[in-house]
Amino acid sequence: MRGLNYTFAETADAAVTQFAEAGGSARYIAGGTNIYDLMKLGIERPAHLIDVSRIEGLDAIETDGDVLRFGGRALMADVARAPVVRDEYPVLAESLLKAASQQLRNMATVGGNLLQRTRCMYFRNGAGSSTTVGVYLCNKREPGSGCAALGGLDRTQAVLGTSEACTAVAPGDWPVALAAMDATIEVFGPEGTRNIPIADFYLLPGDTPHREFNINPGELVTAITVRKTPAGRTSTYHKIRDRESYAFALASAAVAVEMDGDAVRTARIALGGVATTPWRASAAERVVVGSSLTPELALEAGHAAFTEARPGQHNAFKVELGARVIADALIIAAQRRV
Amino acid sequence: MPAEVFSDIARVDARGKVLGQTQYGADMHLPGMLYAMLVPATVAKGAVSNIDITPATETSGVVRVLSLGDFPTLSPEINYLGYPIAMVVAETLEAAIEGAEAITATYETAPFIPLMDSPGATVVPSEGFDTGDVDTEFQNAAEIVEGTFETPAQHHNAMELFGTVAHWSGGRLTVYEGCQNSDSARNALAEAMGISPELVTVKSDYVGGGFGQKSPPKLQTALVAEAARLTQRPVKLVTPRGQLFHIANYRPRSIHNIRLTANSEGRLTAIDYDVVQENWPDGGFRSNGYHEDVARLYAIGNLRATAGDIYIDRNMPRHTRGTHPFPAGFALESAIDEMAYRLGVDPVQLRLDHEATTDIIVGQPLAPHFLNDCLREGARRFDWSRRTPEPGSMTLEDGTLVGLGVACGIFGASGSAAETTLRVRADGTTRIISSGHEMGQGIRTAVANAIVQGLDVNPDRIEILLGDTSVGPQMATVGERGTASIIPATVKAVQALRARFEELAGPNPPAGNLHQQLARLKRPYIEVTASELAPGQDASALEAFRTGRRAGAGSEYPGFTSMSYIAQFVEIHIEPGTRRIRMPRAVSIADIGRVVSPRTARGQMHGGVVWGFSTALREQSEVDPRFAGYLNDDLADYVMAVNADIGEVDVGLIDKPDTMVNSAGVKGMGELVMLGTAPAIANAIYHATGKRIRKLPIRIEDVL
Ligand SMILES: Cc1cc2nc3c(=O)[nH]c(=O)nc-3n(C[C@H](O)[C@H](O)[C@H](O)COP(=O)(O)OP(=O)(O)OC[C@H]3O[C@@H](n4cnc5c(N)ncnc54)[C@H](O)[C@@H]3O)c2cc1C
């Protein structure tokens, strides 16, 4: 029978060392809410799981200085209810609270969330596990094998950032909020610590859709940092999904603005559910900055975010929906100014 | 003699369920038990040309592999994706899975038709129906409403998967499995194993949801029994949900063309109705059943119905909660709403004005019923009078569109011959050998309530045996007939037991409750057996019941037809920007005859609204036609309603007995409760937006 080693790491150093010793087939496990799912689907078949959910201090949530710092294994539920996050950064809190379910958020970590894999049904099905049926090609799962989503049921696929090889949506909500807030991902590995701006953390699929994250094997996400900004208070994460809980986004927008009266001084807008990575919508930001925010302008900004969209057969609605999500999110965020 | 209004008692099995103590089929653990996993075919049609099971037999822990030729159902011919071509049996579940995943096969593939609108799909007509003079009514019509309506393939997705534990002992086979028809499971097993049914026991004490999917014998059961026979050890198989999507039954997609006429006086005069559905040749769900129940909903005297099947190369569609009246009712009740607009009549009033008294399908009276009471009570609770009919005329301050919609549902009130044995003991306990299946709907609570209503016994010491073929015949619990069949027999048994006691005790009975009275009379127990037939049945029906064969009757009885009725009112909000659809409020009022278990009946009503909402706005089994496979084959991707979707739900029951259908006046409700909500929602969306959506599920892109 296939064996599986399972070890706990008490420190970040130990985790990295265990990973190096285990060789290529090791994986970190935190809350396990995604990796176990992927193992059952036959997509991940690790020989060694290194449990990082007990690493001392890796669950710290620090909000005192001029950055917010979330330890890699801090729970989604705990970050969402940290007072500073809840009161001063609704975009962050809402992105967590509108994700998954309370049971999952009580298990899942904010570091693991960054590295969760796509919900593309062609990716999830057909890896030959007993829980699935059929054979569906996927370049992410099996580089170079082809993409069954092209020409398939693409209602939930991406319209931005796609390639001939892959149209899979980046699933997470939290990374979208972090993209709007210009977060930095701190990773620790054999070579030491690296700080990666979130804009550089996710890779476009291009012709290598199996490469999703700018992280090397064995590197551990130790923290996520967000520079404090007054824009945090005037922010929202607006998410439209097929049901009101326990569903990934059809289209979502993380928006934070700073207002001068009715005029927008700064705007940060990122999109989820519509793109192959958490998607910063700079074109939309340019439309609103310096102007007074009206519903018409907000919708114009929304449309600006999708000028490059390339919808497939069944997902063209995401273009209009996404634009309206941005528009509504801008209005909601602006109304939160005190 | 229908009983008085029944009082409310708590669910008798709630405590065990909340504590996680209730045992379902797959919870059974037997010493030495082996675990099985199926190997699904990876093509939709063709034949297995070669299968290599060696990697499985070489997997450590694997005890046995059943492959092509080892059992009649393990045949090389493949008619749908996922059809099991082998089963691996191992010491552990992990070894069984590993072995199953290691098996490879090659196939000769054949062309297939995955969907009813795929190239090459053709309609095979089935028998139609014609009454009155539809053509003349169309010529004379003042208004004609027509539309093409579509409802999708949907899977039942009960929480409990298909779980089977099979165990042989001394030539006898015992199977633990959640099913809605343990007698037919037993007969199918006996036939497959080539043994007498007396040697087979099927135990299905609790079922974790059936909804029709667990009615027919399952493909897996005999295979597991065979594995247990070959290995001489108990074997368990729990089929993963992804496989169930592909091999278990589901609601077929169907397309309905409906034309409805009204004359110049505003009377509805004729329906011209055509339906096609996906099916199998000799499939288990007939296409010419769609028009039957809905034709009885209103007084509309002329009906022409045509129907057809389109054969597809997927697993076999069958009954799913709401069965034919769900899709047909979506079509009819949407058309009625549209007609109300054409006629300038309130849609509640139009329905009230067309109360039916005749079953035009059979040409006989309908039993007295109370649909109009449902409509009036619903309208009152919902405050229907605040509705301004103009589409888009009701909005909230923030621009949210408000839509108020109404629709009705109807389902046949069938029944079955049944027999029950009731024993009350001096030691404080009561035992009843009952019949049926407890799927969460509350049949045990209904039986307990019928007992405590009529007898002064300890309410928490009643043992209700059912779902188990070794205690007595277990009737199919389908088509919402469980309670309506067993309760009349139970009420009769209660009355007989009381009469027996009075005879025994004479004019001066001792004091105390029934147990204490028996003790004082020095009688360890008294026992009665009572049976009841459905109207028009004779002794042969009881014989059929006793031998585990079909004993059902209705909804058409000699001289009358009996139906259950429901009226649904929903309030829909559509956000101005993203057009998100929400349902803040629903009111659901039903006529189910006498309510014998108020608590569980209300539970059914709430669940029915949720299910109705889910079928209207959420659920669709998504098939990729290139593979004929279901892609959203788990509970994360098959989108069903969640708590956060559902607003306030207010339910009510008319609680007047149907004096014709059975001695207790009880009609069923399990299917009925989910009817009407989908068209009420579609009608409310029209009211909010002016857009008539004729295809389910309605999604955000449909109103954007
Ligand atoms: C039914 C369902 C619905 C969901 N809905 C949503 C939703 O709506 N929105 C949303 O955003 N998410 C959703 N999720 C996803 C959920 O948020 C993620 O599964 C979760 O955040 C992953 O965190 P984890 O700690 O459980 O990660 P794990 O499953 O433990 O790990 C995930 C990946 O990250 C790696 N990893 C974990 N921790 C570290 C670390 N510190 N350093 C380096 N690598 C690490 C693991 O090796 C693995 O590859 C849903 C999940 C499920 C099952």
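Residues numbered from 1 in each chain as written. Chains lettered and ligands numbered in written order. Predicted model: local features only at pLDDT ≥ 70, side-chain atom pairs only at ≥ 80, totals over all residues. Heavy atoms only, no water.

- In the nomenclature of an unreviewed UniProt entry, chain A is known as Xanthine dehydrogenase family protein subunit M of Chelativorans salis.

1. Side note on the site of the ligand
All names here are of chain A.
And then number 1: Of all residues adjacent to the ligand, which total 27 residues, the nearest are Tyr28, Ala30, Thr33, Thr109 and Asp173.
And then number 2: Taking Tyr28, its main chain carries an N or O atom lying 2.5 Å from an oxygen atom of the ligand.
And then number 3: One nitrogen or oxygen atom from the side chain of Thr33 is found 2.7 Å from an oxygen atom belonging to the ligand.
And then number 4: Surface burial for the ligand is 94%, taken as the share of its 970 Å² of free accessible area covered by protein chains.
And then number 5: Looking at the shell around the ligand, the elements with two or more residues in it are strand S2 (26–29), helix H7 (110–114) and strand S8 (220–227).
And then number 6: Here the shell around the ligand is built from residues that sort into 15 nonpolar, nine polar and three charged.
And then number 7: Looking at which domains feed residues into the shell around the ligand, each of domain 1 (5–51) and domain 2 (231–334) gives three or more. (Near = heavy atom within 4 Å. Polar contact = N/O pair within 3.5 Å; in protein donor to acceptor, adjacent residues only side chain to side chain. Areas by Shrake-Rupley, 256 points an atom, 1.4 Å probe, with all protein chains shown as cover. Helix = DSSP H or I, 4+ residues; strand = E, 2+ residues; numbered from the N terminus. Nonpolar A, V, L, I, M, F, W, Y, C, P; charged D, E, K, R; others polar. Domains from an automatic or database assignment.)

2. Points about the pairing of strand S1 (residues 34–40) of chain B
Residues and elements named next belong to chain B.
And then number 1: Most of S1 is tucked away: seven of the seven residues are buried.
And then number 2: Burial of the side chains of S1 extends over both faces: Leu34, Ala36, Leu38 and Pro40 are buried on one face and Tyr35, Met37 and Val39 on the other.
And then number 3: Where S1 lies against strand S12 (residues 235–238), three bridges are found, and the strand directions are parallel. Paired with Tyr35 across the strands is Lys236, a residue of S12.
And then number 4: Where S1 meets strand S5 (residues 84–90), six bridges bridge the pair, whose relative direction is antiparallel. Note that in S5 the partner of Val39 across the bridge is Ala86. (Buried < 20%, exposed > 50% of the residue type's maximum accessible area, 1.4 Å probe, protein only. Pairing = 2+ DSSP bridges.)

3. A look at the sheet that holds strand S20 (residues 418–425) of chain B
Residue and element names in this part refer to chain B.
And then number 1: Pairing is mixed across the open sheet formed by four strands, whose spatial order is S22-S21-S20-S23. The sheet is open, and its two borders are formed by strand S22 (462–465) and strand S23 (525–532), each paired with just one other strand. On average, each strand axis in the sheet is tilted by 15 degrees relative to the strand beside it, whichever way the strands run.
And then number 2: Here S20 pairs with S23 via eight bridges, running antiparallel. (Axes fitted to C-alpha atoms, helices over the stretch in contact; angles between N-to-C directions.)

4. Concerning the packing of aromatic side chains
Two aromatic rings, taken as a pair, are described by how far apart their centres are and by the angle between their planes.
And then number 1: On inspection of all chains with the given rule, the structure shows 22 aromatic pairs over all chains.
And then number 2: Centre to centre, the rings of Tyr6 of chain A and Phe8 of chain A are 5.5 Å apart; their planes meet at 65 degrees, and the pair counts as edge-to-face.
And then number 3: A relative accessible area of 34% means that Tyr6 of chain A is categorised as partly exposed.
And then number 4: By relative accessible area, Phe8 of chain A is classed as partly exposed at 33%.
And then number 5: When the centroid spacing of 6.0 Å and the interplanar angle of 85 degrees are considered together, the rings of Phe285 of chain B and Tyr290 of chain B count as edge-to-face. Neither Phe285 of chain B nor Tyr290 of chain B differs from the other in exposure class; each is buried.
And then number 6: Following the ring pairs from residue to residue traces out a cluster consisting of Phe245, Tyr250, Tyr630 and Tyr638 of chain B. (Phe/Tyr/Trp six-rings, centres within 6.5 Å; stacked < 30°, edge-to-face > 60°.)

5. Describing the side chain of Asn279 of chain B
Residues and elements named next belong to chain B.
And then number 1: Among the structural elements, Asn279 can be located in strand S14 (residues 268–279).
And then number 2: Overall, the relative accessible area of 3% leaves Asn279 in the buried class.
And then number 3: Looking at Asn279, its side chain comes within polar contact range of the main-chain oxygen of Phe285, at 3.1 Å.
And then number 4: In contact with Asn279, other than residues within four places in its own chain, are Gly284, Phe285, Asp309, Ile310, Tyr311, Ile312 and Pro317. (Contact = heavy atoms within 4.5 Å.)

6. Notes on the nonpolar core
Residues and elements named next belong to chain B.
And then number 1: Judged by nonpolar contacts, the single largest core of 96 residues is most densely connected at Leu375, Phe569, Ile572, Ile681 and Ile685.
And then number 2: Not counting residues within four places of it along the chain, the set of residues in contact with Phe569 comprises Val348, Cys374, Leu375, Gly378, Ala379, Phe382, Trp384, Gly405, Val406, Arg585, Ala586 and Val587.
And then number 3: One finds Leu34, Val39, Met87 and Val224 within the second-largest nonpolar core, a separate group that totals 50 residues. (Core = buried A, V, L, I, M, F, W, Y, C linked by side-chain atoms within 4.5 Å.)

7. Some thoughts on the environment of Asp427 of chain B
Residues and elements named next belong to chain B.
And then number 1: Examined against the element boundaries, Asp427 turns out to sit in the loop between S20 and strand S21 (430–433).
And then number 2: Looking at Asp427, the relative accessible area reads 49%, which means it is partly exposed.
And then number 3: Each C-alpha atom of the pair Asp427 and Leu237 lies 40 Å from the other, and the pair is 190 residues apart in sequence.

8. Notes on empty space enclosed by the protein
The method is simple in principle: a probe with the dimensions of a water molecule rolls over the atoms, and the space it marks as empty is what remains.
Residues and elements named next belong to chain A.
And then number 1: Evaluated as defined, the whole model comprises nine cavities of 30 Å³ or more.
And then number 2: Volume-wise, the largest cavity comes out at about 220 Å³.
And then number 3: In terms of lining residues, the largest cavity is bounded by 23 residues, among which Ala170, Pro171, Tyr202, Glu212 and Thr276 are the most central.
And then number 4: When grouped by side-chain class, the residues that make up the lining of the largest cavity number 14 nonpolar, six polar and three charged.
And then number 5: Considered as a void within the structure, the second largest cavity measures approximately 140 Å³ in volume. (1 Å grid on protein atoms, 1.4 Å probe; cavity = no way out; pocket = protein on both sides within 12 Å on 5 of 7 lines; lining within 4 Å. Points joined across faces, edges and corners; volume = space filled by probe spheres on them.)

9. Overview of the interface of chain A and chain B
And then number 1: At the junction of the two partners, chain A supplies 37 residues and chain B supplies 48 residues.
And then number 2: Carbon and sulfur atoms make up 56% of the area that chain A and chain B hide from each other, which totals about 3600 Å².
And then number 3: Counting the contacts that link chain A with chain B gives seven salt bridges.
And then number 4: For Arg119 of chain A, the salt bridge identified is with Asp637 of chain B, shortest N-O distance 3.6 Å.
And then number 5: The interface formed by chain A and chain B contains 17 residue pairs in polar contact (both at pLDDT 80 or more).
And then number 6: If you tally residues by element for the side of chain A that touches chain B, the top one is helix H12 (residues 317–335) of chain A, at six residues. (Buried area = accessible area lost by both parts, 1.4 Å probe. Salt bridge = Lys/Arg side-chain N within 4 Å of Asp/Glu carboxyl O.)

10. A word on the sheet that holds strand S11 (residues 263–272) of chain A
Residues and elements named next belong to chain A.
And then number 1: Within the open sheet, the four strands sit side by side as S9-S10-S11-S12. Their pairing is antiparallel. Edge strands, defined here as strands with exactly one partner in the open sheet, are strand S9 (235–241) and strand S12 (279–280).
And then number 2: In the packing of helix H5 (residues 90–97) onto the sheet, the strands contacted are S9 and strand S10 (249–260), and the crossing angle to S9 comes to about 25 degrees.
And then number 3: Relative to S10, H12 is tilted by about 35 degrees, and along the sheet it contacts S9, S10 and S11.

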